[in-house]
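Examining the three-dimensional arrangement
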Amino acid sequence: MKTAKDDRNQETKVHKEEAEKNREFQLNPDAGTESLWVEMVTQDVELYESARTEWLEIREECWNLYEGIREPKTDPWPNCSNISTMIATPVCDLIHSRLVPMVSNPSLIFWRPREKNDIDTADNVNIFMKWAVENDFEFDNVIDDVCKGMVVDGTVGVKVYWDISFKWVQRKIPTKFLGFKTWKYKIKYEYIKMEKPRVIVLDIEDVLLPYDAKNSQDCVSVVHRNFYTLSELKQMQSQGQAKNIDDSFETGLSDYLEKEEGGKRVKAEAEGRKWAEARKQTYPILVHEWYGKVEYDGHWREVQLMVCPATQRLISAVLLVDISRVEERPIIVEPFLRRPGRIYGKSVCEQVRHLQKEMDAIHNQRIDAGTIAIAPFFFYRPASGFKPEDVEIGPGYGIPVDDPQHDVMIPTFNANMMTVSFQEERIIMELIEKLTSVSSYQLGRESEIVGSRATATGTMAIIGQGEQKFSLLGKRAQIIVAKILTAILRKYQENMDSSLAERVLGKEGPLF
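This text gives an overview of the structure that appears in the document. The written sequence of each chain sets the order in which its residues are numbered from 1. Per-residue local features are limited, in this predicted model, to residues with pLDDT of at least 70; the limit for side-chain atom pairs, both in listing and counting, is 80 or more; totals at the level of whole chains, interfaces and linings are taken over all residues. In computing side-chain values, all of the structure's heavy atoms are included and hydrogens and water are not.

As a packed pair, helix H4 (residues 88-103) and helix H6 (residues 139-152) sit with axes 9 Å apart at the nearest point and diverge in direction by 135°. Between H4 and H6, the angle falls in the class oblique. When you trace H4 past H6, the crossing you get is right-handed. Along its contact with H4, which presents Cys92, Asp93, Ile95, His96, Leu99, Val100 and Val103, the element H6 presents Ile143, Asp144, Cys147, Lys148, Met150 and Val151. Split into classes, the residues belonging to the contact of H4 with H6 amount to nine nonpolar, one polar and three charged. Simply put, an axis is a line fit to the C-alpha atoms, just over the touching stretch for a helix, and the angle between two N-to-C directions goes from 0 to 180 degrees. A run of DSSP states H or I qualifies as a helix once it reaches four residues; a run of E qualifies as a strand once it reaches two. Both are numbered from the N-terminal end. For classification purposes, angles smaller than 35 degrees are called roughly parallel, those larger than 145 roughly antiparallel, those between 65 and 115 roughly perpendicular, and all remaining angles oblique. Take the far helix as the reference: if the near one is turned anticlockwise from it by less than a right angle, the crossing is left-handed, and if turned clockwise, right-handed. Contact definition: two residues touch when any of their heavy atoms are within 4.5 Å. Ten residue types, Ala, Val, Leu, Ile, Met, Phe, Trp, Tyr, Cys and Pro, are classed as nonpolar, four, Asp, Glu, Lys and Arg, as charged, and the remainder, Gly among them, as polar.

Rendered as structure tokens:
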């Protein structure tokens, strides 16, 4: 009979075999080379961060507009109107809701052979990948987050890697037939390795790229900022995935944690959390995951380096070919509204940000004008006995003064300004509709301009014209999702167990 000690021995054996396998992939540079690599990664991070200061400010501004967050103001007076009209929010949400079904429908995903050798495997690949997508319960959330990043950030960062975890599973094994469909079973527990591709949508602020990057695969290097706890790093070291880790990492907090940058800060504050404090209390240790070429053993090789900036230590160095057999970096960065030749794209929120700020200004001015009209300022003679602090607003309320004609003067204001402001808001909305192709018809209501006088034929023609731009946006979204799916397919090709294809397909036959 198996005991708990036997189970622990089984667990220890599995972890030991995995650790020995991982240690074989770790590079062992000399002290001088290791120090040089750490310095190189540190310099790249500083260079890439300094080149995108204004870009981060725009990301923060876009998320503030989307969340309806405004900075406190005291101009033209304390407690004046400071309301966000949040025009960017329904525009972004509508485009987001249109993009998701364009790219998340499994019936729209299919694989075509590119070479003669692919013809025999194309059908099997289609069956297998549809199984992979439909059985990944997180993939719908990935698509949702990818589309949201396209619309609000304008640039999407995704990481696709082969995830390995360990888990105890219970197996029910029939041992004896008792008759009439009844069996006697034996329960067996096994500690097994669970493997599958994993897709993570990254905060675009945590992906660092060179200024002249065209894509994340061919640029000089790309850096992903990771955050860990000390126990996670120690576990990685015990599994052979890291080295040079000790208790000094616990106090090695980076200056980055004190910064408040980009949309990450805004999203944390919208949740009601303090950005720096939340990060300190969860994953306080910053690690830079760097991908690029270094000289090793007399050759220039593509590698993955992991460096802790607080302790200035190299904690991992692996050849990229040991992570991906085609030396493909696991980080995919793609723009949405493309700027030719640039890796960072433009977002829908960025398109309308200036117009929303103008709308907010007009809206708040009109509220302030109404406040002044209800409770206007006034002039009075100091010797009149008039006490402003005793003034109350109410019907039939009298204010005693010596001479109402000369002691107090209350100015009057023209109400035409409010009418003009309504017209200005309408013009701004028309400009936003032209920029984004989001009109009243796309929002599911009649046009405020034409109203119920519009004909069915005319309405369908207008919607058809507006759909042209959505078709282009949908195609761009499909390109990004296609790259993610291709990366998932490659991870299966490189790492999956040979028996998985037969279990999924239900038959023998070539898959890859």
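Bringing the sheet that holds strand S1 (residues 155-177) into the picture now. Judged by pairing direction, the sheet is antiparallel, and its three strands sit side by side in the order S2-S1-S8 without closing on themselves. What marks the edges here is a single partner per strand, and that holds for strand S2 (183-202) and strand S8 (331-335). The sheet shows a mean angle of 25° between the axes of neighbouring strands, taken without regard to direction. For two strands to pair, DSSP has to find at least two bridges joining them. Examined bridge by bridge, S1 and S2 share 20 bridges and lie antiparallel to one another. When the bridges of S2 are listed, Pro174 appears paired with Tyr185. Sheet strands touched by H6: S1 and S2. Its angle to S1, the strand with the most contacts, is close to 175°.

This part takes up the pattern of salt bridges. What makes a salt bridge here is a side-chain nitrogen of Lys or Arg within 4 Å of a carboxyl oxygen of Asp or Glu, nothing more. Evaluated as defined, the whole model comprises 22 salt bridges. In this structure, Glu61 engages Arg353 in a salt bridge whose closest nitrogen and oxygen atoms are separated by 2.9 Å. Here Glu61 is found in helix H3 (residues 53-67), whereas its partner Arg353 is found in helix H10 (residues 348-374), with 292 residues between them in sequence. For Glu61, the salt bridge goes to Lys357, with nearest N and O atoms at 2.8 Å. Of this pair, Glu61 sits in helix H3 while Lys357 is found in helix H10, placing the two residues 296 residues apart along the sequence. Among the charged side chains, a salt-bridge network with shared partners connects Glu49, Asp206, Arg225 and Lys264.

It is worth spelling out the nonpolar core at this point. Residues Leu99, Ile484 and Ile488 are the most contacted members of the largest nonpolar core, which totals 58 residues. Among the elements that line this core, the one with the most residues is helix H12 (residues 456-495), at eleven residues. Those residues in contact with Leu99 that sit more than four places away from it in its chain are Cys147, Met150, Val151, Phe336, Leu473, Gly474 and Ala477. By size, the runner-up hydrophobic cluster in this structure holds 17 residues, among which are Leu208, Trp290, Ala317 and Leu319. Side-chain atoms within 4.5 Å are what join buried Ala, Val, Leu, Ile, Met, Phe, Trp, Tyr and Cys residues into a set we call a nonpolar core. Using a 1.4 Å probe on the protein chains alone, a residue whose accessible area is under 20% of its type maximum counts as buried, one over 50% counts as exposed, and one in between counts as partly exposed.

This part covers empty space enclosed by the protein. A pocket, in this scheme, is an open set of points on a 1 Å grid over the protein atoms alone with protein on both sides within 12 Å along at least 5 of 7 lines, while a cavity is a set where a 1.4 Å probe fits but cannot get out; residues line either one if an atom lies within 4 Å of a point. Grid points are joined across faces, edges and corners, and a volume is the space filled by probe spheres set on the points. Scanning the entire structure with this criterion turns up two cavities of 30 Å³ or more. Within this model, the largest cavity holds a volume of roughly 40 Å³. Lining of the largest cavity is provided by Val160, Glu328, Arg329, Pro330, Ile332, Ala487 and Lys491. A per-class count over the lining of the largest cavity returns four nonpolar, no polar and three charged.

The next point concerns the sheet that holds strand S3 (residues 207-208). Strand order in this open sheet of five strands is S3-S4-S5-S6-S7, and the pairing throughout is antiparallel. Pairing within the sheet leaves two strands with one partner each, and these edge strands are S3 and strand S7 (313-319). Two elements, S3 and strand S4 (residues 221-228), share two bridges in a ladder whose sense is antiparallel. Opposite Val207, over in S4, you have His224 as the bridge partner. Contacts between helix H7 (residues 230-238) and the sheet are confined to S4, strand S5 (285-296), strand S6 (299-308) and S7, with S4 contributing the most and set at about 115° to the helix.

Following the sequence through the fold, Pro309 ends up in the loop between S6 and S7. Taking the C-alpha atoms as reference points, Pro309 and Leu286, separated by 23 residues in sequence, lie 7.1 Å from one another. When near neighbours in sequence (up to four residues on either side) are disregarded, Pro309 contacts Leu286, Val287 and His288.

What follows concerns unusual backbone geometry. A cis amide bond links Asp75 to the next residue, Pro76, at an omega of 15°. Mapped onto the fold, Pro76 is located in the loop between H3 and H4. Its identity is not glycine, yet Asp297 carries a phi of approximately 55°, on the positive side. Here Asp297 shows up in the loop between S5 and S6. Even without glycine at this site, Gln312 takes up a positive phi of about 55°. Within the fold, Gln312 resides in the loop between S6 and S7.

Looking now at the layout of surface pockets. In this structure, the second largest pocket encloses a volume near 1,500 Å³. Mapped by element, the contributors of at least two residues to the lining of the second largest pocket are H4, helix H5 (122-134), S8 and H12. In terms of residue count, the dominant contributor to the lining of the second largest pocket is H12 (13 residues). Considering only residue class, the lining of the second largest pocket consists of 20 nonpolar, nine polar and twelve charged.

Before going further, it helps to spend a moment on H4. Any helix carries an expected span of 1.5 Å times its number of residues minus one. The end-to-end C-alpha distance of H4, which contains 16 residues, comes to 23 Å, matching closely the 22 Å that a straight helix rising 1.5 Å per residue would cover. For H4, the set of buried residues is Ala88, Thr89, Val91, Cys92, Leu94, Ile95, His96, Leu99 and Val103.

Turning next to the side chain of Lys243. Turning to its location among the elements, Lys243 is positioned in the loop between H7 and helix H8 (262-270). Here Lys243 occupies a buried position and makes no salt bridge, while the nearest side chain of opposite charge, Glu34, is found at 4.5 Å. Side-chain polar atoms of Lys243 contact the backbone oxygen of Leu27, separated by 3.0 Å. Dropping the residues within four chain positions of it, Lys243 is found in contact with Leu27, Asn28, Pro29, Gln237, Leu314 and Ile315. Note on charges: Lys and Arg go in the positive column, Asp and Glu in the negative column, and His and the chain ends are not counted at all. Polar contact criterion, stated in full: a pair of N or O atoms within 3.5 Å, where within protein one must be able to donate a hydrogen and the other to accept it, and residues adjacent in sequence count only if both atoms are side-chain atoms.

Right, let's talk about the pairing of S4 for a bit. When you tally the buried positions in S4, you get eight out of eight residues, the bulk of the element. Both faces of S4 are covered, namely the face carrying Ser221, Val223, Arg225 and Phe227 and the face carrying Val222, His224, Asn226 and Tyr228. As defined by bridge partners, S4 adjoins S5 across eight bridges and the pair is classed as antiparallel. Among the inter-strand pairings, His224 is bridged to a residue of S5, identified as Glu289.

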